[in-house]
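Okay, here's what each chain looks like letter by letter:
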Amino acid sequence: MKTLSKKTLLTFLTLFTTIVIAFSQANCYSDQSPEYWRISETLYGSKKLSGCDNGANYNCHGFMMSYFEDNCTQPSWNSTTPTPYACPDSKGTKLDYEWKNSGRYVHVCNESDAKLVYYQFPGGETHSAVKETLPGGIYKYISKYNHDGPLVEHNLDGSWYHLSGLYNPNEITRQFWTYVGFIQGSPTIIGTGTVAFSLLSNQGVIYSWSIISGNSNISISSGANQSTVNLVPIHSGTAILKISLSSGCDSQAKNQQINLNITTNICLEGSYDNAGISNQILNTVNHVSTGGVAIRVSCPGSTTIKWQKTSGNVNGYFPDGQTASFNMTAGGSITLLLTAKNGSVTIGTRSITFYN
């Protein structure tokens, strides 16, 4: 086996180390000086909160999303310890549509209602900055100068993008946005008690809750036009809760939704199939088409469920259990008495009627 010379070995190790560093770290821009990034409280009303960190792969949009969505240390104008990167690096370098289209952010009309500002520059460049309210009602904005620059707090129109002289100020547009968060509330609902779901309450935002699927299983009892909505479970099954968010200055609403799984634990609640339609709600009186009818019921805590025909001109065979079926005739009807027991103790009864 041929032995490598010291010079060859050194060259190999240097190349290997360079490759590892290049792939394991983000690169900071070579000039991190306040002069290059136009950072000066006296000249520009801006202040560096932290220099570029090789371990933090953020751009302005990624930082803004982490500021609101991750449990991280939030920097501010009066921060004494510059640790804005002490949070999960889950957002990374993001594009503006990744937060604008998420449904968690809403375009609002006024700066006073906003939590962030969004800039559009000629040529397609965009920028995001987080609003901070200082004592006396003074607004400042925190933004990350790309992934390779520092984190800076500045005036509304005082970021590096504005001060570098690359753009005509009259061609820069800005929008005020706010953060409403994720829908809060458990998607698993047990029982028939009122349950609540909510978003952050924000001035300037119009909230509109709706049940877009499964409204026979759950209904809105209050708060349909508020940041918190109260729901009342009706039947076991599934449903979809939707929130539509808008403002007076944007015609396009932002939406979120959550899938609900409901178990009411109501004794002898159930559903039936008929005429090719499955899982119809089992009511006290049910109008059905001719043909097969398949019924399913449940009763938590029961050991037996008995079926007994009490009236009607339709016949069938009804053994003990959670299911039953019969064939509905034209103009026919049948009434069944259901009895749920735990051993010899009756824990629930229900009478149901089907007719054509």
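From a predicted model like this one, the values you see are computed outputs, not experimental measurements.

Participant: Could you give me a rundown of the nonpolar core, with the residues and numbers involved?
Facilitator: Residues F197, I218, L231, L241 and L260 are the most contacted members of the largest nonpolar core, which totals 38 residues. Counting residues per element, this core draws most heavily on strand β13 (residues 237-247), which supplies 4 residues. Residues L268, I305, A324 and M328 belong to the second largest nonpolar core, which totals 21 residues.

Participant: Let's hear about the sheet that holds strand β8 (residues 188-190): which residues, and what values?
Facilitator: Strand order across the open sheet formed by 4 strands is β8-β14-β13-β10, with mixed pairing between neighbours. Each edge of the open sheet carries a strand with a single partner, namely β8 and β10 (206-213). The average undirected angle you get between the axes of adjacent strands in this sheet is 30°. Where β13 meets strand β14 (residues 250-263), 10 bridges bridge the pair, whose relative direction is antiparallel. By the bridge assignment for β14, K242 is matched with Q257.

Participant: Any details on the side chain of T353? Residues and values, ideally.
Facilitator: Checked against the element boundaries, T353 lands in strand β22 (residues 345-355). Of the polar contacts made by the side chain of T353, one reaches the side chain of T335; its length is 2.9 Å. Setting aside chain neighbours within four positions, we find T353 in contact with T284, V285, N286, I334 and T335.

Participant: A description of the pattern of salt bridges should follow, citing residues and the corresponding values.
Facilitator: Side-chain pairs of opposite charge can arise whenever the charged atoms involved come near each other. Tallying each qualifying case throughout the model produces 5 salt bridges. One salt bridge in this structure joins R104 and E69, with 3.3 Å as the shortest N-O distance. Within this pair, whereas R104 is found in the loop between α3 (97-100) and β2 (105-108), its partner E69 is found in helix α2 (residues 60-69), the two being separated by 35 residues in sequence. There is no split in this pair, since R104 and E69 are both buried. Note that K94 is salt-bridged to E98, the shortest N-O span being 3.7 Å. According to the relative accessible area criterion, E98 is partly exposed, its value standing at 30%.

Participant: Tell me about the environment of I266, residues and numbers included.
Facilitator: Tracing the chain through its elements places I266 in the loop between β14 and β15 (269-274). With 34 residues separating them in the primary sequence, I266 and P300 have C-alpha atoms 7.6 Å apart. Every residue in contact with I266, bar those within four places of it in the chain, is listed here: T192, I234, S298 and P300.

Participant: Help me get a handle on the sheet that holds strand β12 (residues 228-233), residues and values and all.
Facilitator: The strand order across the open sheet formed by 3 strands is β9-β12-β11, and the pairing between neighbours is antiparallel. One side of each edge strand has no neighbouring strand; the edge strands of this open sheet are β9 (195-198) and β11 (218-222). Taken over all neighbouring pairs, the strand axes of this sheet differ in orientation by 40° on average, direction set aside.

Participant: So what's going on with α2? Which residues, and what values?
Facilitator: In terms of burial, α2 is largely enclosed, as 10 of its 10 residues are buried. Along α2, the positions that sit buried rather than exposed are C60, H61, G62, F63, M64, M65, S66, Y67, F68 and E69. With a side-chain oxygen lying 3.3 Å from the backbone nitrogen of H61, the N-terminal cap of α2 falls on N59.

So, how was this worked out
Residues numbered from 1 in each chain as written. Predicted model: local features only at pLDDT ≥ 70, side-chain atom pairs only at ≥ 80, totals over all residues. Heavy atoms only, no water. Core = buried A, V, L, I, M, F, W, Y, C linked by side-chain atoms within 4.5 Å. Buried < 20%, exposed > 50% of the residue type's maximum accessible area, 1.4 Å probe, protein only. Helix = DSSP H or I, 4+ residues; strand = E, 2+ residues; numbered from the N terminus. Pairing = 2+ DSSP bridges. Axes fitted to C-alpha atoms, helices over the stretch in contact; angles between N-to-C directions. Polar contact = N/O pair within 3.5 Å; in protein donor to acceptor, adjacent residues only side chain to side chain. Contact = heavy atoms within 4.5 Å. Salt bridge = Lys/Arg side-chain N within 4 Å of Asp/Glu carboxyl O.

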